[in-house]
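# Topology and contacts: notes
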Amino acid sequence: MFVFFGQIVIAQSNYNLVAQGKQRVQLIVGGDFIVTMNEAQPVIQNGAIAIKDGKIVAVDTQYKITSSYRADRTLPGDGMVLMPGLVNGHSHSAMVLFRGLADDLALQDWLQNYIFPAEGKFVDENFVRVGEQLACWEMIRGGTTTFVDMYFQPDVAAKVVSECGLRAIIAPSSIDFPSPGFQGWDDAFASSINFLKRWKGKNERIIPAIAPHAPYTVSPEHLVQAIQAARHYDVPLTIHLAETQAEVKDVQQRYNATPVKHLDNLGFLEPRVFAAHVVWPNASEIALLAKRGVGVIHNPDSNLKLASGFAPIPAMLKAGIKVGLGTDGAASNNVLDMWKAIRLTALIHKGTTLDPTAVPAKTVLRMATLGGAEALGLSDKIGAIKVGLQADLIQVQLKEPHLLPLYDVISHLVYAADAQDVDTVIVNGQVLMEKRRMLTVDPERIRREATSIAQRIKAQFRPSN
Ligand SMILES: CSC[C@H]1O[C@@H](n2cnc3c(O)ncnc32)[C@H](O)[C@@H]1O
Ligand SMILES: [Zn+2]
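Residues numbered from 1 in each chain as written. Chains lettered and ligands numbered in written order. Predicted model: local features only at pLDDT ≥ 70, side-chain atom pairs only at ≥ 80, totals over all residues. Heavy atoms only, no water.

An unreviewed UniProt entry lists the chain under the name 5-methylthioadenosine/S-adenosylhomocysteine deaminase, with Nostoc linckia FACHB-391 given as the organism. Its UniProt record gives the chain a comment under Sequence similarities (unreviewed entry), which states: "Belongs to the metallo-dependent hydrolases superfamily. MTA/SAH deaminase family." Word for word, the UniProt comment on the chain under Function (unreviewed entry) is "Catalyzes the deamination of 5-methylthioadenosine and S-adenosyl-L-homocysteine into 5-methylthioinosine and S-inosyl-L-homocysteine, respectively. Is also able to deaminate adenosine." (UniProt positions renumbered as here; feature names shortened; annotations may be inferred.)

The tally for this structure, following the rule as stated, stands at 20 salt bridges. With a closest N to O distance of 3.0 Å, Arg24 and Asp72 form a salt bridge. In this pair, Arg24 is assigned in strand β3 (residues 23–35) and Asp72 in strand β6 (residues 69–75), connecting sequence segments 48 residues apart. The exposure class of Asp72 is partly exposed, given its relative accessible area of 48%. Its salt-bridge partner being Arg231, residue Glu270 comes within 2.6 Å of it at the nearest N-O pair. Here Glu270, found in the loop between α9 (259–265) and β15 (273–277), pairs with Arg231, found in helix α7 (residues 220–233); they are 39 residues apart in sequence, far enough to count as distant. Here Glu270 falls in the buried class, since its relative accessible area comes to 14%. A cluster of three or more residues bridged by salt bridges with shared partners is formed by Arg129, Asp442, Arg445 and Glu449. (Salt bridge = Lys/Arg side-chain N within 4 Å of Asp/Glu carboxyl O. Helix = DSSP H or I, 4+ residues; strand = E, 2+ residues; numbered from the N terminus. Buried < 20%, exposed > 50% of the residue type's maximum accessible area, 1.4 Å probe, protein only.)

A few words now on the coordination of the zinc ion (ligand 2). Here the zinc ion (ligand 2) is held by the protein donor atoms His90 (NE2), His92 (NE2), His240 (NE2) and Asp328 (OD), which lie 2.0 to 2.4 Å from it. Coordination at the zinc ion (ligand 2) is irregular, judged from the 4 donor atoms that bind it and the angles of 84 to 171° they form at the metal. Read in sequence order, the donor residues coordinating the zinc ion (ligand 2) give the pattern H-x1-H-x147-H-x87-D. Here His240, found in strand β14 (residues 237–241), pairs with Asp328, found in the loop between β17 (322–325) and α13 (338–353); they are 88 residues apart in sequence, far enough to count as distant. Residue class for His240 comes out buried when judged on its relative accessible area of 6%. (Donors = N, O, S within 2.8 Å, 3.2 Å for Na, K, Ca; no water. Tetrahedral: all angles 85-135°; square planar, octahedral: opposite > 155°, others 65-115°.)

Burial along strand β16 (residues 295–298) is two-sided: the face carrying Gly295 and Ile297 and the face carrying Val296 and His298 are both buried. Note that the unit made of β15, helix α10 (residues 283–292) and β16 has a crossover that is right-handed. Sheet topology note: the β16/β17 ladder contains 4 bridges and is parallel. Residue Ile297 lies in a different strand from β17, and its bridge partner there is Gly324. (Right-handed = clockwise from strand over helix to strand, strands pointing away. Pairing = 2+ DSSP bridges.)

By secondary structure assignment, the location of Asp301 is in helix α11 (residues 300–305). It turns out Asp301 is buried and unbridged, and the closest side chain with the opposite charge, Lys340, is 7.2 Å from it. (Lys, Arg positive; Asp, Glu negative; His and termini not counted.)

In spatial order, the strands read β14-β15-β16-β17; together these 4 strands make up an open sheet with parallel pairing. Edge strands, defined here as strands with exactly one partner in the open sheet, are β14 and β17. Neighbouring strand axes in the sheet, compared pairwise and without regard to direction, differ in orientation by 30° on average. As paired elements, β14 and β15 share 5 bridges and run parallel to each other. (Axes fitted to C-alpha atoms, helices over the stretch in contact; angles between N-to-C directions.)

Per the UniProt record, "binding site: substrate" (unreviewed entry) is annotated on Glu119, His213, Glu243 and Asp328. Residue placement: Glu119 occurs in helix α3 (residues 107–122). Given the relative accessible area of 4%, Glu119 is considered buried. Sequence-distant contacts of Glu119, defined by excluding residues within four places in its chain, comprise Met95, Phe98, Tyr151, Phe152 and Pro180. With residues up to four places along the chain from it excluded, the contact list for His213 reads Leu111, Phe116, Met150, Ser174, Ile175, Val218, Ile239 and His240. (Contact = heavy atoms within 4.5 Å.)

This paragraph deals with the environment of Ser91. You can see Ser91 is positioned in strand β8 (residues 86–91). Apart from residues no more than four positions distant in its own chain, Ser91 is found in contact with Phe147, Val148, Asp149, Met150, Thr327, Asp328 and Gly329. In this structure the side chain of Ser91 is engaged in a polar contact, spanning 3.2 Å, whose partner is the side chain of Ser93. In terms of polar contacts, Ser91 uses its side chain to reach the backbone carbonyl oxygen of Val148, at 2.8 Å. (Polar contact = N/O pair within 3.5 Å; in protein donor to acceptor, adjacent residues only side chain to side chain.)

For the rest of this paragraph, the subject is helix α14 (residues 361–376). Spanning 16 residues, α14 covers 21 Å between terminal C-alpha atoms, matching the ideal 22 Å at 1.5 Å per step. The largest bend in α14 amounts to roughly 55° and is located at Met367. For α14, the set of buried residues is Ala361, Val364, Leu365, Met367, Ala368, Thr369, Leu370, Gly371, Gly372, Ala373, Ala375 and Leu376. (Expected span 1.5 Å × (residues − 1). Bend = angle between axes of the 7 residues up to and from the residue.)

What follows deals with the UniProt feature "domain: Amidohydrolase-related" (unreviewed entry) in the chain. UniProt marks residues 81–431 with the feature "domain: Amidohydrolase-related" (unreviewed entry), using the numbering shown here. For residues 81–431, the end-to-end C-alpha separation is 16 Å, with 44% helix and 17% strand making up the annotated structure.

Quick look at the confidence of the model for the chain now. Per-residue pLDDT for the chain averages 95, and the proportion of residues at 70 or more is 96%. Across residues 1–19, confidence stays below pLDDT 50; counting only partners more than four residues off in sequence or on other chains, it has 17 contacts. What the predictor reports for the complex is a pTM of 0.95 with an ipTM of 0.98. (pLDDT = per-residue confidence, 0-100.)

Once that is clear, we can look at the site of ligand 1. Neighbouring ligand 1 are 18 residues, the closest being Glu119, Ser173, His213, Glu243 and Asp328. His92 is positioned such that a nitrogen or oxygen atom in its side chain is 3.3 Å from a nitrogen atom of ligand 1. Measuring from a nitrogen atom of ligand 1, one finds a side-chain N or O atom of His213 at 2.8 Å. In the complex, the protein chains occlude 99% of the 450 Å² of accessible area that ligand 1 would expose alone. (Near = heavy atom within 4 Å. Areas by Shrake-Rupley, 256 points an atom, 1.4 Å probe, with all protein chains shown as cover.)

Encoded structure:
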């Protein structure tokens, strides 16, 4: 409101409210069901959301929303479920260009003899630009609205993400031996600090972070340096942790402690840290992760494909750990498809525990949205449909045969829906895909450039064993 000559003059938005009885917003989005992830109003039938300045300003029935708000634009929700966008808590996005390059291998063989050599030879600015664009295209198609990207060339990645409209934690990798563009830890780590100085607070959708690779590839001194920097610059830190039995054995031999305990001995574990995989924690390490408030990202597809094992997710959830879901990179998955991770999570833990109530559908859907946001430290911004949160939303169609009939919308989202069912994607109030039409990326150009890079890889790639 403006004060003019001592009188109160009603500003434009209030004028509209007074003039037409309705408040003006940018966007109204509807759904036959809104699955909110908000305990106060879990599922709303025939619902709608009003969005202004990228944020959710009202969540209610369609009748109430359209009675109170007038929108510049409306996306109707007939035959749709409206829900928070999916949060992919662990990926190496540009690795989509290595999709299908090295399959059916155990993690250490895969990394040492195939992936690290391929990265050394092919990963440069252009690789990351095209790979990141391909990954963003794939993730938008599948309803991911926030992802964590733990890889190289972070400025290139951040530029692509800011252009395509997604939200991302961009965590440049640091490791103790040569990696693309770096001699070793010192220059890689210095570069990651420069990246976060450049990007912190610059774009509300890009959150820079620190990412030491793993306890078996980063020395204790460097791990301490990483967590101290994360504290100093107040950014998240992510790391691969306790991924394989080989890692547990290796860390135990070198440091006389299992991986989680080793990090705790270094004073490394705190709520700003979220760890990927955590397949092999023992019972006391699970308790420790919960006590320290560390987030865990479960990557079931990658853990199965690399024969790493089954993470003890039911025990972690019981202990109160913040657990989210991730895809890992497409060289070990081989897709950035969160629906596959959702379904696998709901199935494998029932199989391993012989308990059909282990990790129920509702819990898995929470892990893919709000649980992931909590693990990443972003639940004050995303992960649920609630007034005040950012408008990161997806509409999922409910009309195709594999989704009929419908008794329980959450059951369908977990056990029956897939990436092709995502109809419309919105991040920060911006529509990135509408009725499956891509609005912020150029599929034809990406397809052409990705194919050209792959031709070079195919001609030149040699594993090191
Ligand atoms: C320093 S993070 C980037 C680095 O990690 C490699 N990587 C990809 N997937 C995995 C995994 O499951 N475990 C360990 N390391 C992985 C990636 O190829 C990059 O080199
Ligand atoms: Zn990974």
